[in-house]
Amino acid sequence: MHSSAGLHFPACSRGRSANVAGRGGRAGERDRDRDTAMDGGEGRPQPHLAALVLARGGSKGIPLKNIKLLAGVPLIGWVLRAAIDAGVFHSIWVSTDHDEIEKVAKQFGAQVHRRSPEVSQDSSTSLEAITEFLNHHHEVDIVGNIQATSPCLHPSDLIKVADMIQKEGFDSVFSVVRRHQFRWSEVKKGENKMTEPQNLNPAKRYRRQDWPGELYENGSFYFAKRHLIEKGYLQGGKMAYYEMRAEHSVDIDIDIDWPIAEQRVLSFGYFGKEPLKEVKLLVCSIDGCLTNGRIYVTEDHKEMVSYDYRDIVGIDLLKKRGIQVRLISDRDCSKTLSAMQLGCVAKVSVTNKLQVLKDWQEDMGLSWKEVAYLGNEESDVECLKQAGMSAVPADACAAAQKAAGYICKSRGGCGAVREFAEHIFLLLEKVNSARKQLEEISSAGKEMGRNENSRKGNKELMEKE
């Protein structure tokens, strides 16, 4: 038996799921007491389902790959956000041996299990790390082992799999993807023999549309009950696979080209519960974002700053897309702005940036989802939290980085504005694509309705005749 991403599944009973916040470490209350978690209000203890992400510090290919920024978000953050928003886990954990990974995990609302050196070696298996976790957490009945390197995982997949293992009685469920690839036997160098087809007849090759393809594990997740893991298995007992959509089966271990992986995530990744909206306003902090934050003072006490022409181009591109750009600063830099001739509304000598941002948002009649903010200092933190889309340069302070949804590769005054503009454009493409899909679905639904009404009318006419 298996499930398919294309099939309809009933909504999963959420029970007392982990109530945590994804961004900025604003974790809500968690109820980790399995004895008080009841199933369907009938008084039966509900098995404790824990999400577990294995994130070892060592990586032969990319140092600290698990927290390397992918499309502005730490790699592990993508799957933690999906797990949290699924609402089906009683607890969400990251198993790691590294301080920086622990810091990022907690920032995204996960709990941390510090794994031992014995299960943190290059030769250590996932099963060994999961077994150690269970030995320290006797309250856990089911483990959903989620791969940190699968950033296109969506909550809907996790909800359906939780249903399979909690309601349909499976002991283990793992993710697969359908591939249409022809396999041939390997011929080693020096062997005097021919290759043989493994899954095709060369005289009658399938067309893609005539061949269902084959199922391959994609490694996104492995769910298993405790009793199975304690016997030394991640797959076994009453077993099922869950077929994920091909576009969601992105594996960073395979997609070595990071920029290509970023494009896949921007197109098919999960960005949170709230639907994306088209950005109408970008507010940018001047010092440290538009400029590098350095102020040069001449002998006659005149101030000079430097900026990157790429950022000016980025502002022009935003304006051409109908996005207003406004500037804000803690200090009086009106002469600098006048010299730059950007043609943007600006507010300087600001003591409360959030209040200014709220005033602009209300004056323009925008929702917060339509506001983007680029900041870099502690004075920007509340604005970064409030805006629907937020970013900081690579050299922003720690508090600002923690509050932001996107961390640029570029430093302030060195192309960060242009980079954030490009990020906004990519997300706008995602918004437009989703809008077109909804319009097509709506149009198809209306057409089906018209056809149904037509059939009913014809039937009534025939009955009258």
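None of these values were measured; they are calculated from a predicted model. (Residues numbered from 1 in each chain as written. Predicted model: local features only at pLDDT ≥ 70, side-chain atom pairs only at ≥ 80, totals over all residues. Heavy atoms only, no water.)

Attention now goes to the nonpolar core. By size, the foremost hydrophobic cluster in this structure holds 83 residues, and its most contacted members are I76, F89, I146, L158 and F420. A per-element tally of this core places helix α1 (residues 75–86) first, with nine residues. In this view, L158 contacts A82, A83, A86, V88, F89, I146, L153, F221 and F223; residues no more than four positions away in its chain are not counted. With 22 residues, the next largest nonpolar core counts V350, W360, A403 and A404 among its residues. (Core = buried A, V, L, I, M, F, W, Y, C linked by side-chain atoms within 4.5 Å. Buried < 20%, exposed > 50% of the residue type's maximum accessible area, 1.4 Å probe, protein only. Helix = DSSP H or I, 4+ residues; strand = E, 2+ residues; numbered from the N terminus. Contact = heavy atoms within 4.5 Å.)

On to the pattern of salt bridges, then. Summed over the entire model, instances satisfying the criterion amount to 21 salt bridges. When the shortest N-O distance is used, the salt bridge between E102 and K106 registers 2.9 Å. Taken together, the positions of E102 and K106, both in helix α2 (residues 99–107) and four residues apart, correspond to about one turn of that helix. You can call E102 buried: its relative accessible area is 17%. A salt bridge links D171 to K225; the nearest nitrogen and oxygen atoms lie 3.9 Å apart. Placement of D171 in the loop between α4 (155–166) and β10 (172–179) and of K225 in strand β11 (residues 214–225) is noted, with a sequence separation of 54 residues between them. Comparing D171 with K225, the two get one shared label, buried. Sharing partners across several salt bridges, the network here consists of D99, E102, K106 and R114. (Salt bridge = Lys/Arg side-chain N within 4 Å of Asp/Glu carboxyl O.)

Every α-helix carries 3.6 residues per turn, so stepping three or four residues along brings you back to the same face. Within helix α3 (residues 126–136), the full set of buried residues consists of A129, I130, E132, F133 and L134. Buried-residue contacts for α3 involve β4 (49–54), β7 (91–96), β8 (111–114), β9 (142–147) and α5 (226–230).

Orientation of α1 relative to α4, taken along the N-to-C sense of each, is 50°, at an axis distance of 8 Å. It follows that α1 is oblique to α4 by the angle criterion. The crossing of α1 and α4 is right-handed. From α1, A82, A83, D85 and A86 reach across to α4, where they touch P155, L158 and I159. Per-class residue counts for the contact of α1 with α4 are six nonpolar, no polar and one charged. (Axes fitted to C-alpha atoms, helices over the stretch in contact; angles between N-to-C directions. Parallel < 35°, antiparallel > 145°, perpendicular 65-115°, else oblique. Left-handed = near helix turned anticlockwise from the far one by under 90°. Nonpolar A, V, L, I, M, F, W, Y, C, P; charged D, E, K, R; others polar.)

Mapping E230 onto the fold places it in helix α5. Overall, the relative accessible area of 54% leaves E230 in the exposed class.

Counting through the fold element by element, S124 comes out in the loop between β8 and α3. Of the residues examined, S124 reaches a relative accessible area of 19% and is grouped as buried. Within the structure, the side chain of S124 is placed 3.4 Å from the backbone oxygen of E118, a separation counted as a polar contact. Only 3.4 Å separates the side chain of S124 from the backbone nitrogen of S120, close enough to count as a polar contact. Not counting residues up to four positions away in its chain, the partners in contact with S124 are E118 and V119. (Polar contact = N/O pair within 3.5 Å; in protein donor to acceptor, adjacent residues only side chain to side chain.)

Now for helix α8 (residues 309–320). With 12 residues, α8 extends 17 Å between its outermost C-alpha atoms, agreeing within 8% with the 16 Å of an ideal straight helix rising 1.5 Å per residue. Those residues of α8 that sit buried are D311, I312, G314, I315 and L318. In an axial view of α8, the angular spread of the buried residues amounts to 155°, which keeps them on one side of the axis. Among the exposed residues of α8, those oriented more than 90 degrees off its buried face are Y309 and K320. At the exit of α8 stands G322, carrying a positive phi of roughly 80°. (Expected span 1.5 Å × (residues − 1). Arc of directions from axis to C-beta.)

This brings us to the sheet that holds strand β19 (residues 389–392). Spatial strand order, β17-β16-β13-β18-β19-β20: six strands in an open sheet with parallel pairing. For this open sheet the edge positions go to β17 (345–347) and β20 (406–407), each flanked by a neighbour on one side alone. Sheet topology places strand β18 (residues 371–374) next to β19; three bridges connect them, and they run parallel. Paired with Y373 across the two strands is S390, which belongs to β19. (Pairing = 2+ DSSP bridges.)

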